[in-house]
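# Architecture at a glance
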Amino acid sequence: MAQQTGAEPVLKLTNIHKGFPGVRALSGVDFRLFPGEVHALMGENGAGKSTLIKVLTGVYSIDEGTVEMEGKRLVVHSPQEAQGAGISTVYQEVNLCTNLSVAENIYIGREPRRFGRIQWKEMNRRAAQLLEERLHLRVDVTLPLSEYPVAIQQLVAIARAIDIKAKVLILDEPTSSLDRGEVARLFEVVRKLRGEGMAILFVTHFIDQVYEISDRITILRGGELIAEYKASELPRLELVSRMIGKELTMLDELPKTAGDSRMSDDHAAIVAASGLGRKGAIEPFNLSIGRGEVIGLAGLLGSGRTELARLLYGADRADQGKLHVEGAGKGGVHSPRGAIDAGLAFCPENRKTEGIIEDLTVRENIVVALQATRGWFKTISRKRQNEIAEKYIKTLNIHPPNPEQLVKNLSGGNQQKVILGRWLLTQPKLLILDEPTRGIDIGAKAEIQRLVMTLSREEGMSVLYVSSELEEVLRVSDRIAVLRDRVKVEEIGKEEMDEQRIMKAIAGGGGA
Amino acid sequence: MTGDTKGRYATGKPTSWLNRTYKHHLFWPMALWMALLLFNLFYSPSFFKVVVREGHLYGSLIDILNFGAPLMLVAIGMTTVIATRGIDLSVGSVVAIAGALACQMISKGSDQNAVSLVIYAVVMALVLSIALGLWNGLLVSITGIQPIIATLILMVAGRGIAQLITDGQIITVSSTPYQYIGAGSLAGLPFSIFLVAIVFAISALLTRRTALGLYIESVGCNPEASRLAGIRAKTVMIIVYMFCGLCAGVAGLILSGNVASADGNNAGLWIELDAILAVVIGGTSLTGGRFYLTGTIVGALMIQTLTTTIYSVGVKPEVTLVVKAVVVMAVCLIQSEPFRKAIISRWKTRRYPAEREVTRHA
Amino acid sequence: MLKRQHLPVAATIALFILMFMTGSFRYTGFFSAQVLFNLLIDNAFLLIVAIGMTFVIVSGGIDLSVGSMVALTTMLSAGLLQQGGWPAWAVIPFVLAVGALFGAAMGALIHYFKIQPFIVTLAGMFLARGLCYLISINTITIDNGFYTDMAQTKIRFGDYFVSPSVIIALVVLVLAIYIAHYTRFGRTTYAIGGSEQSALLMGLPVARTKIMVYMFSGFCSALGGVVFTFYMLSGYGLHAVGLELDAIAATVIGGTLLTGGVGYVFGTFAGVMIYGVIQTLIVFQGTLSSWWTRIIIGILLFAFIVLQRLFTMRSDRKTGSVEKMA
């Protein structure tokens with residue numbers, strides 16, 4: 001609706017390349033942004049969205065390619081320089097100082113001064129005026145920002161951004177912690193700014209919001225540009241399938257799970273959640289997992305996948321509902337330790353911060369969970385530890401095959417295998433895998449998927465498999481639970497499992 | 001995305017003997033210590049002389065062991081605390097309190113030389129030390145207050161408590177068994193050395209023969225991952241602070257036994273700083289994780305040797321502080337990544353200051 | 001109207017008044033302006049040092065070197081006056097410059113090499129003490145005319161008096177309040193304490209400000225040292241041992257959050273006054289001994305730290321969901 005086809009883009013990126021050690025974050029990405037439009041940047045984890053934004057805001061340098069602003073070549077080395085050039089950013093985690101007042105957060109560094117003395121009255125007046133006139137927000141600007149909910153903080157961040165005379169406003173997942181009413185208010189402001197001719201780059205993972213507000217959509221996947229569309233010409237389903245993508249790879253050698261009798265009802269549920277939920281993380285849900293069953297959790301980033309997994313494992317406390325775990329005491333599972341004792345295991349999504357213990361060796365990383373359950377004195381002898389490490393290095397094909405290597409020196413895929421080894425060693429009844437194949441290469445991916453199937457079929461281990469790649473979930477699961485906007489919306493059995501059906505559930509809304 | 005880069009595995013290959021020695025965690029502390037000893041060898045050859053008088057050994061080396069004993073003990077405790085990403089500033093106060101309580105109890109006794117009384121006093125002092133460690137541990141683990149702040153409370157109040165116990169006096173005792181702790185000798189060597197050896201052996205056994213060492217390193221390295229792996233991180237923290245309190249208590253007994261008195265104001269003054277220094281020199285990082293008890297011992301011995309050397313050279317002993325300051329900064333700069341990077345590639349970090357920041361926080 | 005962010009400071013002031021009133025009711029001769037003024041006279045140097053400390057703590061750091069810096073200043077002053085024969089007008093600017101430079105150097109190490117402030121200022125503490133002894137191990141008594149004048153002059157208000165040091169301390173207090181609230185440097189200090197990362201992304205001069213904060217603290221320690229020299233009329237390497245703890249305690253009791261970003265210079269003033277009133281109460285009480293000061297300060301420190309922790313935990317919960325999503 002907004003951009004005139006004849007108009008020049010205010011921002012034009014051509015053939016951007018950016019790599020980090022071991023990772024190509026962006027390869028050959030083009031991107032255009034026109035004045036007076038809201039342009040959504042879409043992609044799953046690791047698609048390159050945040051890298052692209054950091055390139056634009058001068059946080060990262062680029063290895064190759066050009067950035068042009070209003071036809072002129074633009075090189076920025078820092079957020080300050082980007083702001084000076086007219087590019088302002090509102091980050092996902094609000095990057096303001098919540099200990100300062102609202103007015104200060106808008107004006108700090110640019111306060112009205114007389115003889116070096118900050119004119120508080122003038123500043124407060126201007127801040128109140130700015131918020132009221134441009135954002136229709138009436139608040140006491142002298143209170144610390146921490147007194148206000150995140151939604152207001154978000155608007156204050158926008159106020160700061162637009163007061164710097166920005167031509168381009170980048171909103172990096174601004175809605176991830178807002179409720180419906182707050183989102184509506186934010187969008188009202190965004191529309192107003194669009195009407196004033198500002199170019200707005202909107203990053204989100206909420207599909208509904210994309211269609212509500214954006215004029216155009218650019219999709220990235222795996223650091224590459226998939227395509228740019230007009231929002232009105234891209235059906236929801238196609239958007240989802242483009243984002244999730246399919247990898248035509250060696251994965252296809254793997255047999256699809258046959259709908260055999262494994263989930264027949266004579267196996268009682270080993271884990272059963274009823275009405276389990278946690279405010280702000282996941283709405284109450286029911287889920288039961290039988291022995292030897294592989295349950296897939298599908299949904300986009302931020303849909304509550306991780307939150308659900310963490311509740312089952314006791315990593316976060318549920319504030320409502322019941323969780324029954326076979327073998328756990330009456331009290332149920334309240335801590336990871338309790339979960340482990342009851343036969344659960346959890347590979348977290350964030351391998352670096354929650355999974356590996358980076359300065360310890362491969363051997364230590366593998367034995368740590370088993371040792372934790374045995375207490376101080378029943379130690380695993382060094383000889384036994386070596387045997388264990390050798391065994392898992394061999395069966396999981398961990399490279400390099402050196403048990404004394406520090407785990408931080410391993411590649412992502414091998415780190416993941418180490419964590420898998422850690423949990424297999426405890427012989428769990430239920431293995432929770434949160435994005436086990438994220439950011440690892442195809443070969444390792446196939447190995448991990450194959451392992452999951454072997455475990456459930458041959459050893460009767462149950463698996464909860466969380467993944468943003470639909471292909472993968474379909475391949476390994478006996479049953480799939482779909483999450484959308486922190487609600488478990490559907491459960492799909494083997495018979496009805498097909499891509500279209502699940503994508504519709506993920507996309508929600510009117511569908512295509 | 002392919003995360004593999006073949007080059008990374010190079011570190012895993014067996015390297016030359018020289019390289020391995022150089023990389024060993026004891027290399028730097030040992031090298032520093034040896035350099036100091038070497039200096040003494042040339043400067044005053046009598047430094048290495050050990051004479052036997054009345055069945056006791058005397059000499060600078062023996063002095064280093066004897067006077068270094070309290071520091072070694074406190075540093076052992078501090079090592080375990082620092083390994084969990086913590087720090088204990090209150091050890092100096094605990095040293096004072098333990099000595100104060102023991103001396104107070106002995107001085108009140110009818111027969112100060114009674115072994116049972118001394119044992120009772122020592123046990124009570126150690127129990128109190130452990131209780132103070134427990135206090136620190138609870139503050140850190142349960143309330144989640146930063147260790148440096150949590151232990152500051154006892155650091156401030158502790159000397160007051162010590163003086164409260166002694167009623168502000170310097171209490172002198174004349175108890176042979178008590179003085180034996182700090183000044184006695186066994187098999188020709190100072191008794192305090194045996195205490196160090198025992199505590200060191202116990203801590204080495206506990207951390208290397210049981211799973212406690214693994215828990216400590218795991219918690220210090222990544223508390224959240226450790227919790228998810230089933231380690232009770234809070235319990236581990238409480239235990240190390242209690243152990244640190246115990247070590248400080250023993251050190252306090254040695255110090256006060258050595259002079260047969262308790263001085264609430266000055267006993268163990270600055271020992272926390274020396275202990276932290278010994279730990280850092282010994283190769284344990286202040287950011288937690290891997291810890292090296294042997295390294296700590298070498299670090300403590302180095303500090304004590306430095307003090308003794310400065311004495312023997314004839315420089316004013318207080319100048320040790322200047323040398324220590326230089327050593328602290330040198331060790332920290334070597335550990336500082338930006339510093340190392342700055343030397344290697346100065347220009348790059350300058351061009352994108354925020355990239356550095358953000359990758360640090362990511 | 002009292003705003004919520006002023007509550008901790010208000011609590012401290014109320015506590016001070018309460019303690020002062022308690023003393024007034026219990027002990028004759030307590031309730032007098034001179035007792036109040038004596039609090040200022042005896043703690044002028046602590047106030048100046050604590051003000052510098054407040055800036056450092058607000059910025060999210062800590063400065064352990066202040067006590068040693070005070071000692072070094074007394075030593076340098078004494079050495080230059082007595083042995084070097086320098087005039088007072090040259091000595092004072094010189095020692096102030098030394099303090100500021102010393103602080104700036106520590107700040108630079110902290111910022112550029114990302115070494116914990118605790119360690120850097122610890123090294124600074126060793127260094128400053130050690131330098132004292134390089135000048136002399138013994139006390140150097142000062143008989144310079146200007147210094148003795150400053151020690152003896154009484155500035156009278158009717159029947160009551162204060163020392164010139166009190167005036168210096170109060171001027172520093174007013175200046176510090178102005179700097180904290182009406183200058184960009186002050187506000188940037190608060191921003192850095194709130195979130196260094198955000199301050200960086202908002203384009204604030206983080207490096208310069210951090211270095212200046214430690215420089216200011218160094219300057220305050222040196223000025224505190226000058227005032228302390230007036231008070232003691234001597235230079236000694238063991239002067240002001242443990243002063244850093246007193247300064248930190250006064251700052252925290254004054255309502256400054258040890259994690260940075262929140263605090264008021266005026267609160268620190270109230271904290272120092274509480275410190276003084278505890279000492280005075282103990283003197284008046286007569287049977288309690290001086291070490292009770294340490295214990296009571298420890299208890300207050302504990303109470304305020306735990307309160308702060310509860311305070312921050314609550315606001316963590318408020319914004320907790322954001323961090324989860326991040």
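It should be emphasised that the depicted structure is a prediction, and the values quoted were computed from it without experimental measurement.

### Comments concerning the overall build of chain A
- Scanning chain A from terminus to terminus reveals 17 helices and 21 strands.
- The proportion of buried residues among the 512 residues of chain A is 60%.
- Taking the contacts inside chain A whose residues are at least 6 apart along the sequence as the reference set, 68% of them involve residues at least 24 apart.
- Accessible surface computed for chain A: about 19700 Å², of which carbon and sulfur atoms make up 48%.

### Topic: the confidence of the model for chain C
Residues and elements named next belong to chain C.
- Averaged over every residue, the pLDDT of chain C is 86; residues scoring 70 or more account for 94%.
- Here helix H13 (residues 292-325) stands out as the element of chain C with the lowest mean pLDDT, 66, in contrast to helix H10 (residues 206-232), whose mean of 94 is the highest.
- Note that residues 317-326 has pLDDT below 50 and, in this model, 15 contacts with residues that lie over four places away or in other chains.

### Focus: helix H11 (residues 233-259) of chain B
- Between the first and last C-alpha of H11(B) there are 40 Å, a value that for 27 residues agrees with the 39 Å anticipated at 1.5 Å per step.
- Most of H11(B) is tucked away, with 19 of its 27 residues classed as buried.

### Concerning unusual backbone geometry
All names here are of chain A.
- Positive phi values are uncommon outside glycine, yet Gln 427 reaches one of about 45 degrees.
- With respect to the secondary-structure elements, Gln 427 resides in the loop between helix H14 (412-425) and strand S18 (430-434).
- Of note in the backbone geometry, Asp 485 takes a positive phi value of approximately 45 degrees without being a glycine.
- Within the secondary structure, Asp 485 sits in the loop between strand S20 (479-484) and strand S21 (487-492).
- Residue classification places Asp 485 among the partly exposed positions, given a relative accessible area of 36%.

### Topic: the UniProt feature "transmembrane region" (unreviewed entry) in chain C
Residue and element names in this part refer to chain C.
- Here, UniProt's "transmembrane region" (unreviewed entry) annotation points to residues 36-57, 64-82, 88-110, 117-140, 160-180, 211-232 and 291-311.
- Segment residues 36-57 splits into 100% helix and 0% strand. End C-alpha atoms: 27 Å apart.
- The distance separating the terminal C-alpha atoms of residues 88-110 is 33 Å; by composition the span is 100% helix and 0% strand.

### What to know about the domain arrangement of chain A
All names here are of chain A.
- Partitioning chain A into structural domains gives domain 1 (11-95 + 161-234) and domain 2 (269-511).
- Domain 1 and domain 2 are separated by 33 Å when their C-alpha centres are compared.
- For the interface between domain 1 and domain 2, the tally reads zero salt bridges.
- Considered class by class, the residues forming the side of domain 1 that touches domain 2 number two nonpolar, three polar and two charged.

### Here's the deal with the pairing of strand S15 (residues 294-298) of chain A
All names here are of chain A.
- Counted residue by residue, S15 has five buried out of five residues, so it is predominantly covered.
- Across the two faces of S15 the burial is the same, with Val 294, Gly 296 and Ala 298 and Ile 295 and Leu 297 all buried.
- Both S15 and strand S19 (residues 462-466) contribute to a ladder of four bridges, which runs parallel. Residue pairing for S19: Leu 297 is matched across the bridge by Val 466.

### Section: the confidence of the model for chain A
Residues and elements named next belong to chain A.
- Mean pLDDT over chain A stands at 81; residues scoring 70 or higher make up 89%.
- Segment residues 247-253: pLDDT under 50, and 14 contacts once partners within four positions in sequence are set aside and those in other chains are kept.
- The low-confidence segment residues 256-266, where pLDDT is below 50, has 19 contacts with residues more than four positions distant or belonging to other chains.

### Regarding a nonpolar patch on the surface
- Judged by side-chain polarity, Leu38(B), Leu41(B), Phe42(B) and Phe48(B) come together as a nonpolar surface patch covering roughly 410 Å² of accessible area.
- By the element assignment, Phe42(B) lies in helix H2 (residues 27-43).

### Observations regarding the sheet that holds S19(A)
Residue and element names in this part refer to chain A.
- Across the sheet, which stays open at both edges, the six strands sit in the order S17-S18-S19-S15-S20-S21 with mixed pairing between neighbours. Pairing within the sheet leaves two strands with one partner each, and these edge strands are strand S17 (344-347) and S21. Strand-to-strand twist of the sheet, defined as the mean angle between neighbouring strand axes without regard to direction, takes the value 15 degrees.
- Against the sheet, helix H9 (residues 305-313) makes contact with S15, S17, S18, S19 and S20, and its axis sits at roughly 150 degrees relative to S17, the strand it touches most.

### Considering the side chain of Ser192(B)
- One can find Ser192(B) in helix H8 (residues 191-209).
- Beyond its immediate sequence surroundings of up to four residues, Ser192(B) is in contact with Asn66(B), Ala69(B), Ile181(B) and Ile254(B).

### Details of the pairing of strand S14 (residues 282-290) of chain A
All names here are of chain A.
- In this sheet, S14 lies alongside strand S13 (residues 269-278) in antiparallel orientation, the contact comprising six bridges. By the bridge assignment, Leu 276 is partnered in S14 with Phe 285.
- If you look at the hairpin formed by S13 and S14, you'll find three residues sitting between the two strands, and Gly 280 has a positive phi there, around 80 degrees.

### Looking at the environment of Leu225(A)
Residue and element names in this part refer to chain A.
- For Leu 225, the position within the fold is in strand S12 (residues 224-230).
- Taking the C-alpha atoms as reference points, Leu 225 and Phe 31, 194 residues apart in sequence, are found 8.4 Å from one another.
- Non-local contacts of Leu 225, meaning those with residues more than four positions away in its chain, are made with Val 29, Asp 30, Thr 218, Ile 219 and Leu 220.

### Side note on the interface of chain C and chain B
- Each side of the interface is counted separately: chain C has 40 residues, and chain B has 46 residues.
- In total, about 4100 Å² of surface goes out of reach between chain C and chain B, with carbon and sulfur atoms giving 83% of it.
- The tally of links between chain C and chain B comes to zero salt bridges.
- At the junction of chain C with chain B, the criterion picks out zero residue pairs in polar contact (both at pLDDT 80 or more).
- Mapped by element, the contributors of at least two residues to the side of chain C that touches chain B are helix H4 (88-113), helix H5 (117-135), helix H9 (196-201), helix H11 (243-253) and H13 of chain C.
- Among the elements that make up the side of chain C that touches chain B, the one with the highest residue count is H5(C) (14 residues).
- For the side of chain C that touches chain B, the per-class residue count stands at 30 nonpolar, five polar and five charged.

### Here we look at empty space enclosed by the protein
- Scanning the model with the defined rule gives six cavities of 30 Å³ or more in all.
- As a volume, the largest cavity reaches approximately 200 Å³.
- Considering the residues around the largest cavity, the lining is formed by 18 residues, among which Gln83(A), Thr89(A), Val90(A), Tyr91(A) and Leu201(C) are closest to the centre.
- Listed by contribution, the elements that provide at least two residues to the lining of the largest cavity are helix H2 (79-85), strand S6 (87-90) and helix H5 (150-163) of chain A.
- Sort the elements by how many residues they give to the lining of the largest cavity and S6(A) lands first, with four residues.
- Taken together, 13 residues line the second largest cavity, and the ones lying closest to its centre are His205(A), Leu300(A), Arg484(A), Asp485(A) and Ile506(A).
- Where the lining of the second largest cavity is concerned, the elements lending two or more residues are helix H7 (207-213), S20 and helix H17 (499-507) of chain A.
- Taken domain by domain, the lining of the second largest cavity gets at least three of its residues from each of domain 1 (11-95 + 161-234) and domain 2 (269-511) of chain A.

### Re the sheet that holds strand S10 (residues 199-203) of chain A
All names here are of chain A.
- Strand order in this open sheet of six strands is S6-S9-S10-S3-S11-S12, and the pairing throughout is mixed. Pairing within the sheet leaves two strands with one partner each, and these edge strands are S6 and S12. Taking each pair of neighbouring strands and ignoring which way they run, the sheet shows an average axis angle of 20 degrees.
- The pairing of S6 with strand S9 (residues 168-172) spans four bridges and is classified as parallel. Bridge pairing links Thr 89 to Ile 170 in S9.
- Across the face of the sheet, H5 comes into contact with S6 and S9 while running at roughly 175 degrees to S6.
- In the packing of helix H6 (residues 180-195) onto the sheet, contacts are made with strand S3 (38-42), S9 and S10, and the angle to S10 comes to roughly 150 degrees.

### Examining the packing of aromatic side chains
- In total, this model carries 20 aromatic pairs over all chains according to the counting rule given.
- Every member of this aromatic cluster is reached through a ring pair, and the members are Tyr313(A), Phe346(A) and Trp423(A).
- Its guanidinium or amino end placed over the ring of Phe291(B), Arg208(B) lies 4.6 Å from that ring's centre, counting from NZ or CZ.
- Arg187(C) extends its terminal NZ or CZ atom over the ring of Tyr190(C), reaching a point 4.5 Å from the ring centre.

### Here we look at helix H6 (residues 145-152) of chain C
All names here are of chain C.
- Within H6, burial applies to Tyr 147, Thr 148 and Met 150. Down the axis of H6, the sector holding all buried residues measures 160 degrees, keeping them to one side.
- For H6, the capping residue at the N-terminal end is Asn 144, with a side-chain oxygen 2.8 Å from the backbone nitrogen of Phe 146.

### Some remarks on the environment of Ile239(B)
- Position of Ile239(B) relative to the elements: it lies in helix H11.
- Taking C-alpha positions, Ile239(B) is 9.6 Å from Leu212(B), a pair spaced 27 residues apart along the chain.
- For Ile239(B), the residues in contact, after removing those within four places along its chain, are Trp376(A) and Leu212(B).

Conventions adopted
Residues numbered from 1 in each chain as written. Chains lettered and ligands numbered in written order. Predicted model: local features only at pLDDT ≥ 70, side-chain atom pairs only at ≥ 80, totals over all residues. Heavy atoms only, no water. Helix = DSSP H or I, 4+ residues; strand = E, 2+ residues; numbered from the N terminus. Buried < 20%, exposed > 50% of the residue type's maximum accessible area, 1.4 Å probe, protein only. Contact = heavy atoms within 4.5 Å. Areas by Shrake-Rupley, 256 points an atom, 1.4 Å probe, with all protein chains shown as cover. pLDDT = per-residue confidence, 0-100. Expected span 1.5 Å × (residues − 1). UniProt positions renumbered as here; feature names shortened; annotations may be inferred. Domains from an automatic or database assignment. Salt bridge = Lys/Arg side-chain N within 4 Å of Asp/Glu carboxyl O. Nonpolar A, V, L, I, M, F, W, Y, C, P; charged D, E, K, R; others polar. Pairing = 2+ DSSP bridges. Patch = residues over 30% accessible without salt bridge, like charges linked within 9 Å, V, L, I, M, F, W, Y side chains within 5 Å. Axes fitted to C-alpha atoms, helices over the stretch in contact; angles between N-to-C directions. Buried area = accessible area lost by both parts, 1.4 Å probe. Polar contact = N/O pair within 3.5 Å; in protein donor to acceptor, adjacent residues only side chain to side chain. 1 Å grid on protein atoms, 1.4 Å probe; cavity = no way out; pocket = protein on both sides within 12 Å on 5 of 7 lines; lining within 4 Å. Points joined across faces, edges and corners; volume = space filled by probe spheres on them. Phe/Tyr/Trp six-rings, centres within 6.5 Å; stacked < 30°, edge-to-face > 60°. Lys NZ or Arg CZ within 6 Å of the ring centre and 35° of its normal. Arc of directions from axis to C-beta.

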